[in-house]
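Observations on the three-dimensional arrangement
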Amino acid sequence: MTDVQLLEALRAIVGERGVLADPADLENYNVDWRHVFKGQARCAVLPRTTDEVAGVIRLCASEGIAVVPHGGNTGLSGGATPDGSGRQVVLSLARMRAIRDIDVLGETMEVEAGCILQTAQEAAAAAGLMLPISLAAEGSAQIGGVLSTNAGGTNVLRHGMSRARVLGLEVVTADGEIVNGLRRLRKDNAGYDWKQWFIGTEGTLGIITAAVLQLAPQSLHRVTALLAVPDADAALKVLRVARQQIGETLNAFELMSGAALELVERHQGLKTPLAPSEWFVLMEASSCLPGLRDAVEGLLAMVLEEGDATDGVIAESERQEGELWLLRESITEAESREGRSLKHDVSVPISGIPAFLREADAAVALAFPGSRINAFGHAGDGNIHYNVVVPASSDGPALNALVHDLVVKHQGSISAEHGIGQYRVSELERCCSAAELKLARRVKAALDPAGLMNPGKVMAPAPEAQ
Ligand code: 2HG
Ligand code: ZN
């Protein structure tokens with residue numbers, strides 16, 4: 001099929017305005033948010049319905065054309081960026097953004113893949129409920145991208161990864177069949193839980209078109225506190241006391257190095273309300289029941305007394321809460337302004353965080369003089385963003401390998417929440433066991449035998465599909 005014929009056939013499925021082929025219109029699809037990954041799409045297709053998605057997939061399958069699904073383009077691993085061949089079709093779900101239903105009694109929401117996460121959160125709030133998936137990128141991230149990458153964020157400690165929210169899923173398979181599993185059931189052991197095959201697999205097995213999400217009750221009382229702590233060991237002691245004192249009300253427990261907040265102050269012009277410290281903890285708790293603030297004040301007094309925190313402040317208003325969170329959520333942006341950075345989205349067992357940080361800091365300082373560590377993350381769930389700002393000449397793969405080897409030594413993961421995309425394909429192969437890789441390849445071969453679903457992401461194409 002020539003380009004002209006393909007565009008015509010796609011337009012017949014999704015309408016005139018649903019196909020973009022002009023180079024200027026494709027810019028947003030050809031490059032990721034960080035401008036690290038660049039590709040060249042043959043065109044971008046924006047279907048309006050699940051039937052149209054299926055039509056596009058069937059057409060591409062019959063022509064042997066690879067499809068790259070695209071959400072809000074907020075990923076950090078290049079999972080939504082096409083390769084440079086100019087042959088891949090980008091499939092954007094941005095026009096499928098309806099919230100189809102909210103069931104208040106059952107606390108569920110049925111939502112289409114292109115709906116912005118924040119829009120879904122607001123709709124849940126308007127219904128007196130809460131969608132507890134919270135990410136710095138929630139203003140642009142789309143539900144389909146959030147689920148297909150199994151995004152994490154700041155609420156994982158309490159509410160789990162995005163996967164934990166999914167009760168039902170609608171997908172289009174690699175051969176263009178619609179599978180409607182939009183059930184609203186909390187209990188459903190009827191056969192394989194096939195929706196898990198499409199969550200976190202970054203569009204390499206099929207396309208998520210809609211989902212039923214489990215919502216949560218709204219918490220009337222919320223307390224947010226920023227603490228200065230001397231080191232990561234002390235931060236974990238604070239975490240233990242918090243778990244003992246306020247238990248499951250703890251939503252978020254974020255660790256930020258003083259260096260990370262220094263970047264935020266310098267590049268974003270934001271001011272940390274506490275004196276400089278090696279480390280800071282941002283804590284948020286919420287509950288339907290009163291008395292939470294007293295409990296948080298009590299726990300703060302305890303950790304200050306023990307010396308595990310050296311200073312602390314509790315937000316007095318929603319505005320102050322927002323200001324504290326803005327410090328945390330501006331780190332990525334500030335880091336991107338600082339220069340070249342190598343990201344390591346790693347997790348280790350929570351108790352192993354201090355030792356991992358100590359060993360990684362020492363190893364990086366020794367092997368990469370002139371580099372600066374920007375470490376922060378979701379310490380409450382073991383996920384550290386161990387990012388390193390490096391001179392342009394630094395050997396990126398060597399530094400990645402050094403950090404990841406330590407992660408493996410600590411029984412951690414080289415991708416806690418950002419996924420593999422194209423960024424970590426070779427490192428996954430290096431760090432993952434042969435048996436796990438073989439299993440993954442068997443699933444890929446079964447669900448996408450032609451290798452046309454987001455090829456080259458998560459794993460290298462199988463030799464025969466290359
Ligand atoms: C966050 O936690 C995001 O803010 C981005 O996962 C982390 O920039 C990063 O490495
Ligand atoms: Zn994160």
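On a predicted model such as this, the values are computed, not experimentally measured, just so you know.

Thoughts on the pairing of strand 14 (residues 279-287)
Among the 9 residues of strand 14, 9 are classified as buried, and the element is accordingly described as predominantly covered. Alternating residues of strand 14 divide into Trp279, Val281, Met283, Ala285 and Ser287 and Phe280, Leu282, Glu284 and Ser286, and every residue in both groups is buried. Relative to strand 14, strand 12 (residues 221-229) is paired through 9 bridges, and the arrangement is antiparallel. If you follow Leu227 over to strand 14, its bridge partner there is Val281. Pairing analysis gives 7 bridges linking strand 13 (residues 250-257) to strand 14, with the strands arranged antiparallel. Of the residues in strand 14, the one forming a bridge with Leu255 is Val281.

Let's talk about the coordination of the zinc ion (ligand 2)
Only His378 (NE2), His385 (NE2) and Glu417 (OE) from the protein coordinate the zinc ion (ligand 2), and they sit 1.9 to 2.2 Å from it. Read in sequence order, the donor residues for the zinc ion (ligand 2) give the motif H-x6-H-x31-E. For the residue pair His378 and His385, the accessibility class agrees, reading buried in each case.

Some words on the packing of aromatic side chains
Counted according to the given criterion, the structure contains 4 aromatic pairs. Note on Tyr192 and Trp197: the rings are 5.8 Å apart at their centroids and 75° apart in plane angle, and the pair reads as edge-to-face. When the centroid spacing of 5.6 Å and the interplanar angle of 70° are considered together, the rings of Phe356 and Tyr386 count as edge-to-face. Of this pair, Phe356 sits in helix 12 (residues 353-367) while Tyr386 sits in strand 19 (residues 383-389), placing them 30 residues apart in sequence.

Notes on the site of ligand 1
Taken together, Leu76, Arg328, Thr332, Lys343, Phe376, His378, His385, Asn387, Glu417 and His418 make up the full set of residues adjacent to ligand 1. Between ligand 1 and Arg328 there is a distance of 2.7 Å, counted from an oxygen atom to a side-chain nitrogen or oxygen. At a separation of 2.6 Å, an oxygen atom of ligand 1 approaches a polar side-chain atom of Lys343. Put simply, the parts of the chain that give the shell around ligand 1 at least two residues each are strand 18 (372-378) and strand 19. In terms of residue class, the shell around ligand 1 is made up of 2 nonpolar, 5 polar and 3 charged.

Overview of the domain arrangement of the protein chain
Many analyses report the size of an interface as the accessible area lost when the parts associate. Split by domain assignment, the protein chain resolves into domain 1 (99-217), domain 2 (221-332) and domain 3 (339-427). Relative to domain 3, the C-alpha centre of domain 1 lies at a distance of 29 Å. The interface is formed by 10 residues belonging to domain 1 together with 8 residues belonging to domain 3. Both faces combined, the contact of domain 1 with domain 3 buries some 560 Å², and carbon together with sulfur accounts for 48% of it. A per-residue breakdown of the area domain 1 buries against domain 3 is headed by Gly153, Leu157 and Glu202, which together make up 56% of the total. If you look at where domain 1 meets domain 3, you find 0 salt bridges. Counting every contact that joins domain 1 to domain 3 gives 4 residue pairs in polar contact (both at pLDDT 80 or more).

Looking at the nonpolar core
Leu227, Val229, Phe253, Met283, Phe356, Leu357 and Tyr386 are the most contacted members of the largest nonpolar core, which totals 51 residues. Top element by residues in this core is helix 7 (residues 232-246). It accounts for 9 residues. Two domains each provide a minimum of three residues to this core, namely domain 2 (221-332) and domain 3 (339-427). Setting aside anything within four residues of it in sequence, one finds Leu227 in contact with Val238, Leu274, Trp279, Phe280, Val281, Leu300, Val303, Ala309, Asp311 and Gly312. Counting residues in hydrophobic clusters, the runner-up holds 27 residues, among them Ala124, Ala151, Val171 and Leu215.

Quick word on the sheet that holds strand 9 (residues 178-181)
Taken in spatial order, the 5 strands line up as 5-6-10-8-9 in an open sheet, and their pairing is antiparallel. The two strands at the open ends of the sheet, each matched to only one other strand, are strand 5 (99-103) and strand 9. Within the sheet, the average angular offset between the axes of one strand and its neighbour, ignoring direction, is 15°. One ladder, built from 4 bridges, connects strand 8 (residues 166-173) with strand 9; its direction is antiparallel. Bridging across to strand 9, Leu169 finds its partner in Gly181.

Procedures and definitions
- Residues numbered from 1 in each chain as written.
- Chains lettered and ligands numbered in written order.
- Predicted model: local features only at pLDDT ≥ 70, side-chain atom pairs only at ≥ 80, totals over all residues.
- Heavy atoms only, no water.
- Buried < 20%, exposed > 50% of the residue type's maximum accessible area, 1.4 Å probe, protein only.
- Helix = DSSP H or I, 4+ residues; strand = E, 2+ residues; numbered from the N terminus.
- Pairing = 2+ DSSP bridges.
- Donors = N, O, S within 2.8 Å, 3.2 Å for Na, K, Ca; no water.
- Phe/Tyr/Trp six-rings, centres within 6.5 Å; stacked < 30°, edge-to-face > 60°.
- Near = heavy atom within 4 Å.
- Polar contact = N/O pair within 3.5 Å; in protein donor to acceptor, adjacent residues only side chain to side chain.
- Nonpolar A, V, L, I, M, F, W, Y, C, P; charged D, E, K, R; others polar.
- Domains from an automatic or database assignment.
- Contact = heavy atoms within 4.5 Å.
- Buried area = accessible area lost by both parts, 1.4 Å probe.
- Salt bridge = Lys/Arg side-chain N within 4 Å of Asp/Glu carboxyl O.
- Core = buried A, V, L, I, M, F, W, Y, C linked by side-chain atoms within 4.5 Å.
- Axes fitted to C-alpha atoms, helices over the stretch in contact; angles between N-to-C directions.

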